[in-house]
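Spelled out from the first residue to the last, the chains are:
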Amino acid sequence: MNTKKNDAQNVEELYFGASVRRAGRPDKMGKKRRGARREEPELQEYEVTDDFDDGSGDGRKRHPWLIAFVVIMVIVALVGGCLGGWWMYDNHWRKVAVTVNGSSMEVRVDTTAARLLKDNADFGTKRGNLVDVSGATMKAGAGKPIVVSIDGTAVPEAKLDSTVIPANSMVMVTSGEDVVEPHTVKRETVPHGEQINIIGGAIQYRKQLGSDGVHEYWTGKQSGKQVDKGITKQPRDLIVEALNPRPSGKKVIALTFDDGPSQYSGPILDILKKKHVKATFFDVGEESVNFPELEKRMLAEGHQVASHSNTHPDMPTLSRDALRAEITAGFANMEKASGHKTKVLRSPYGAFGKKQWQQTYDLISMNVLWDIDTEDWKRPGADKIHDAVMSGAHNGAIVLMHDGGGDRTQDIEALPGIIDDLKKQGYEFVTIEQLLKMSGDVTGTSNGEAAGSAADGESATDSSTD
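Okay, so let's go over this structure. (Residues numbered from 1 in each chain as written. Predicted model: local features only at pLDDT ≥ 70, side-chain atom pairs only at ≥ 80, totals over all residues. Heavy atoms only, no water.)

Quick look at the overall build of the chain now. A tally of helices and strands in the chain yields eleven helices and 25 strands. Taking the intrachain contacts of the chain between residues at least 6 apart in sequence as the baseline, contacts between residues at least 24 apart amount to 72%. Counting every atom, the chain has about 26,900 Å² of accessible surface; 52% of that belongs to carbon and sulfur. (Helix = DSSP H or I, 4+ residues; strand = E, 2+ residues; numbered from the N terminus. Contact = heavy atoms within 4.5 Å. Areas by Shrake-Rupley, 256 points an atom, 1.4 Å probe, with all protein chains shown as cover.)

The next subject is the environment of V284. Relative to the helices and strands, V284 is located in the loop between β18 (280–283) and α5 (285–290). The exposure class assigned to V284 is buried, which follows from its relative accessible area of 7%. Separated by 26 residues in sequence, V284 and D258 have C-alpha atoms that sit 7.9 Å apart. Those residues in contact with V284 that sit more than four places away from it in its chain are D259, G260, P261, H308, S309, N310, T311 and H312. (Buried < 20%, exposed > 50% of the residue type's maximum accessible area, 1.4 Å probe, protein only.)

Turning next to the environment of G213. Mapping G213 onto the fold places it in strand β14 (residues 213–220). C-alpha separation for the pair G213 and Q234, spaced 21 residues apart in sequence, amounts to 4.6 Å.

Another aspect to go through is unusual backbone geometry. Cis geometry marks the peptide bond from G260 to P261; its omega dihedral reads -5 degrees. Following the sequence through the fold, P261 ends up in the loop between β17 (252–258) and α4 (265–275). The phi angle at D151 is positive, at roughly 50 degrees, despite the residue not being glycine. Looking at where D151 falls in the secondary structure, it is placed in the loop between β7 (147–150) and β8 (153–154). Although it is not a glycine, H312 sits at a positive phi angle of roughly 65 degrees. Along the chain, H312 falls in the loop between β19 (304–307) and α7 (320–338).

With that settled, consider a nonpolar patch on the surface. A cluster of nonpolar side chains, namely W65, L66, F69, V70, M73, V74 and L78, defines an oily patch on the protein surface of about 720 Å² accessible area. Checked against the element boundaries, V70 lands in helix α2 (residues 64–93). On the basis of relative accessibility, which here comes to 44%, the residue V70 falls in the partly exposed class. (Patch = residues over 30% accessible without salt bridge, like charges linked within 9 Å, V, L, I, M, F, W, Y side chains within 5 Å. Salt bridge = Lys/Arg side-chain N within 4 Å of Asp/Glu carboxyl O.)

Turning our attention to the sheet that holds strand β9 (residues 170–174). The five strands lie next to each other as β4-β3-β9-β7-β8, forming an open sheet whose pairing is mixed. Only two strands of the sheet have a single neighbouring strand rather than two, namely β4 (103–108) and β8. Both strand β3 (residues 95–100) and β4 contribute to a ladder of six bridges, which runs antiparallel. Looking at the pairing, V96 lines up with V107 of β4. (Pairing = 2+ DSSP bridges.)

Another aspect to go through is the nonpolar core. L255, F257, L272 and L422 are the most contacted members of the largest nonpolar core, which has 30 residues in total. Contributions of two or more residues to this core are made by β17, α4, α6 (292–300), α9 (382–392), β23 (397–402) and α10 (409–424). Here this core takes five residues from α10, the largest share from any one element. Sequence-distant contacts of L272, defined by excluding residues within four places in its chain, comprise F257, V277, A279, F281, H303, L415 and I419. Counting residues in hydrophobic clusters, the runner-up holds 17 residues, among them V107, V109, L116 and I165. (Core = buried A, V, L, I, M, F, W, Y, C linked by side-chain atoms within 4.5 Å.)

Turning our eyes to something else, we now look at α10. Along its 16 residues, α10 runs 24 Å from first to last C-alpha, staying within 8% of the 22 Å computed at 1.5 Å per residue. The sharpest bend along α10 reaches about 30 degrees and sits at L415, with the proline P416 one to four residues further on. Those residues of α10 not exposed but buried are Q410, D411, A414, L415, I418, I419 and L422. Where α10 is buried, its residues touch β17, α4, α9, β23 and β24 (428–429). Positive phi appears at G426, one or two residues downstream of α10, with a value of about 90 degrees. (Expected span 1.5 Å × (residues − 1). Bend = angle between axes of the 7 residues up to and from the residue.)

This is the structure in structure tokens:
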């Protein structure tokens, strides 16, 4: 037996089904020639078709899931591309309108403040410079940075890269300020002037509080230059004026009582309370601490309380220091007695001139005089006290009476008739503060302060600035 031949015949051929065909040509009989000399195997060419055998015997059956998968992947790719493109447009490529330094322009939606500056050459602005005390440039660009403000709010330099310009925003770009070299400053006081006109008015008041000016000299620490900077703070004049309040369309009168509190203050307060009348009491500081409960009662019952000095001296006879001490002590004793603070004064005997104002303008806001003097201190009798008021009564009148400093029984006797007869003539009783508010001549406060700002004068000094 030819084993070799049989082995050759028993070799199984690989079968690829109908999907693979040999590219070689068969012999005429359509059979494979046998017995021929065995030659070296040749490389065979195969044609691959879209038909294949899936094991079911049908070599041409297709896989629908593969096609569906491919279709889905294509759709996903298309949708993803569209969404990505839209996101890029909406968050990066899209243009929005803004206004920069008054001019309209369009920028990409994600443009930051830093990018806006870079893309537009900083809009022609520059950083500030380091300058010497004379203003000459020492180092260009060493001053403060360019300022970018969005809708009125400045963007810190450290946040320019992270701050996105909002759509329709108003942007202002301005050059940075110059920075002055470190320097020393010498300041000299420029005394203020004064305008004091207190003639012809029952009320003298401080319309404007005077303040000194400042003259500065700068010396640069790096440049060594010395520069006269001139007056850097203008002085402001002291202004004191006099007036007679006459509230328009009113018929008002102010009763005032001096020299208390005393044993006579209680009965006077009783009459005022019974008649529903408000008055103004000018108390002496030493008497306030002697009768604190009466002063507290005056305040509690709605009356105005002001100072009549501390010891009732003739003020023009005092030195500047003594005058200031007298006024200060009077206010302090009132506050000690009743907790009440005020800067309203009635000088004893009405003696308070231009010189006294010059010396104490920072201590008082007002000096209240009178235009009806009952001369009750002479003890002329209750009837004459009554008649003095009635004969002088007019709209805005200020009546002078006393509740201390002597025997005031005639005032107590005359007061009810004065009130009743004035009411019959249509008068309304007011405090000094109320009178001023009604007239509109002086802007008052709860403690009778007149208009004017706090003192802010500076004395000569040296300082250093870095």
